[in-house]
Amino acid sequence: MKGQHQPNFDVAVVGGGSMGTALAKLLGDGGRRVAMWVYEAELADRINETRANELFLPGAKLPETVVATSSLERALDGVGTVLSVMPAQFVRSVWAAGARHLAEGASVVSASKGVETGSAQLMSEVLAEALPGAAGRLAFLSGPSFAKEIAAGQPTAVVIASANADLAVRIQQLVSTASFRAYTTDDVVGVELGGALKNVIAIAVGVAEGMGLGLNSRAALITRGLAELTRLAVSCGANPLTLAGLAGMGDLVLTCTGHLSRNLQVGNRLGRGERLDEILGSMHMVAEGVATARSAMILAARRGVEMPISEAVTRLLDGETAPADAVRELMARPLRSERER
């Protein structure tokens, strides 16, 4: 890690997708000098020239306080607070390159919602490995928050999770504005799993919608989806009340009902009979639930937790079952108590 000196920027946002751009705009509109790292040099130049990221967040005007760069060294140089905002599957590789440029003592706030493929690790575990010695300086931002609406200044509430209570409060104060309200919690596991697993349930809801099923089906999937993601989160040490809050129920409802949701869109197209490779090939942004579904099943197997909706989604994504068969199998499961442990 590099030593600290007077930085060119107040905060860095590593990741220039829709959410990274929205958060950079949020901070920049508040007068902070923001370095926004994007992978493509051409995109960084275009953002700086046009004051907009038309590829990932069209229509959102960025203030002059936001400067895009494709250099991790420049973005991270001397900055004490970094927002890590990228698809979950790229977190390890980006920070493998970025760790040496991170200022000594810098805090990292992760807004990536997913579980790593293969290892089935949460982002807190991935970052702890990628940034040795930084575990006490990590925080996690999650909750019901479409990037387009954040950028438009529409009222939004999120939660900041950290084992370091002082850090959680500091980040809360950093990001909160008249239209963006942050709460704090120490339940990192609950916030991370709520934010990751809701994407899997959103695919299931999208499939039902694409099949032409009605609101009864949507309500059942959301409710029983919440039950299974809560079971897994609690088995991993989460507080069940966290899953009834912004990072759980709040984000689940948004992602399962808002048509800005990429995971809902993927499910909808699957339900209408499209092939997964064709769907993903037509999208330039990542639907996190596709990779997370398989990782969720690894976690569930480790913990001995039943997750029938997530299992059905995984089998659909892997081409092992058809939408109509998945519905029949879910409805034919043995009858049981709603509150069964």
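Cut-off values and rules
- Residues numbered from 1 in each chain as written.
- Predicted model: local features only at pLDDT ≥ 70, side-chain atom pairs only at ≥ 80, totals over all residues.
- Heavy atoms only, no water.
- Helix = DSSP H or I, 4+ residues; strand = E, 2+ residues; numbered from the N terminus.
- Rg over C-alpha atoms; globule rule 2.2 N^0.38 Å.
- Buried < 20%, exposed > 50% of the residue type's maximum accessible area, 1.4 Å probe, protein only.
- Areas by Shrake-Rupley, 256 points an atom, 1.4 Å probe, with all protein chains shown as cover.
- Axes fitted to C-alpha atoms, helices over the stretch in contact; angles between N-to-C directions.
- Parallel < 35°, antiparallel > 145°, perpendicular 65-115°, else oblique.
- Left-handed = near helix turned anticlockwise from the far one by under 90°.
- Contact = heavy atoms within 4.5 Å.
- Nonpolar A, V, L, I, M, F, W, Y, C, P; charged D, E, K, R; others polar.
- Arc of directions from axis to C-beta.
- Salt bridge = Lys/Arg side-chain N within 4 Å of Asp/Glu carboxyl O.
- Patch = residues over 30% accessible without salt bridge, like charges linked within 9 Å, V, L, I, M, F, W, Y side chains within 5 Å.
- Lys, Arg positive; Asp, Glu negative; His and termini not counted.
- Charge placed at Lys NZ, Arg CZ, Asp CG, Glu CD.
- Pairing = 2+ DSSP bridges.
- Right-handed = clockwise from strand over helix to strand, strands pointing away.

### Quick notes on the overall build of the chain
Phase 1 of the analysis: Broken down by element type, the chain carries 15 helices and 8 strands.
Phase 2 of the analysis: On C-alpha atoms alone, the chain measures out to a radius of gyration of 20 Å, which is about the 20 Å that the 2.2 N^0.38 rule sets for 341 residues.
Phase 3 of the analysis: Among the 341 residues that make up the chain, the fraction classed as buried is 54%.
Phase 4 of the analysis: When the accessible surface of the chain is totalled, it reaches about 14700 Å², and 53% of it is carbon and sulfur.

### Re the packing of helix α8 (residues 188-210) against helix α10 (residues 246-257)
Phase 1 of the analysis: Contact geometry of α8 with α10 gives a least axis separation of 8 Å together with a crossing angle of 30 degrees. By the criterion of interaxial angle, the relationship of α8 to α10 is roughly parallel. In the packing of α8 onto α10, the handedness of the crossing is right-handed. Across the interface between the two elements, V191, G194, G195, K198, N199, I201, A202 and V205 from α8 touch A247, D251, L252, T255 and C256 from α10.
Phase 2 of the analysis: For the contact of α8 with α10, the per-class residue count stands at 7 nonpolar, 4 polar and 2 charged.

### A short note on helix α5 (residues 123-130)
Phase 1 of the analysis: By the burial criterion, the buried members of α5 are M123, S124, V126, L127 and A130. Axial view of α5: buried residues confined to an arc of 160 degrees, hence all on one face.
Phase 2 of the analysis: Its buried side turned inward, α5 meets α4 (91-98), β5 (107-110), β6 (138-142) and α8.

### Thoughts on the pattern of salt bridges
Phase 1 of the analysis: As enumerated under the stated definition, the model contains 17 salt bridges in all.
Phase 2 of the analysis: A salt bridge links R33 to D10; the shortest N-O distance between them is 2.8 Å. A residue pair is termed long-range when its members are at least 10 positions apart, and R33 in the loop between α1 (18-29) and β2 (34-37) and D10 in the segment before β1 (11-14) qualify at 23 residues.
Phase 3 of the analysis: For D10, a relative accessible area of 35% corresponds to the partly exposed category.
Phase 4 of the analysis: As a salt-bridge pair, E320 and R315 come within 3.9 Å of each other at their nearest N and O atoms.
Phase 5 of the analysis: Since its relative accessible area comes to 52%, E320 is described here as exposed.
Phase 6 of the analysis: In this structure, a network of salt bridges that share partners links the residues R92, E116 and E129.

### Some details on a negative patch on the surface
Phase 1 of the analysis: A cluster of acidic residues, E40, E42, D45 and E49, forms a negative patch on the protein surface.
Phase 2 of the analysis: Its place among the elements puts D45 in helix α2 (residues 41-50).

### Re the pairing of β1
Within a regular strand, the side chains alternate between the two sheet faces.
Phase 1 of the analysis: A two-sided burial pattern is seen for β1, the buried positions comprising V11 and V13 on one face and A12 and V14 on the other.
Phase 2 of the analysis: Where β1 meets β2, 4 bridges bridge the pair, whose relative direction is parallel. Bridge assignment links V14 to a residue of β2, and that residue is W37.
Phase 3 of the analysis: Looking at chain direction, β1 and strand β4 (residues 81-84) are connected through 3 bridges and run parallel. Within β4, the position partnered with V14 by the bridge is S84.

### Structural notes on the pairing of β6
Phase 1 of the analysis: The buried fraction of β6 is high, at 5 of 5 residues.
Phase 2 of the analysis: By the alternation rule, side chains of β6 split into L138, F140 and S142 and A139 and L141, which are all buried.
Phase 3 of the analysis: In this structure, β5 lies alongside β6, joined through 3 bridges in parallel fashion. From the neighbouring strand, V108 faces β6, where its bridge partner is L138.
Phase 4 of the analysis: Regarding the hand of the β-α-β motif, the stretch spanning β5, α5 and β6 is right-handed.
Phase 5 of the analysis: Note that β6 and strand β7 (residues 156-161) share 3 bridges and pair antiparallel.

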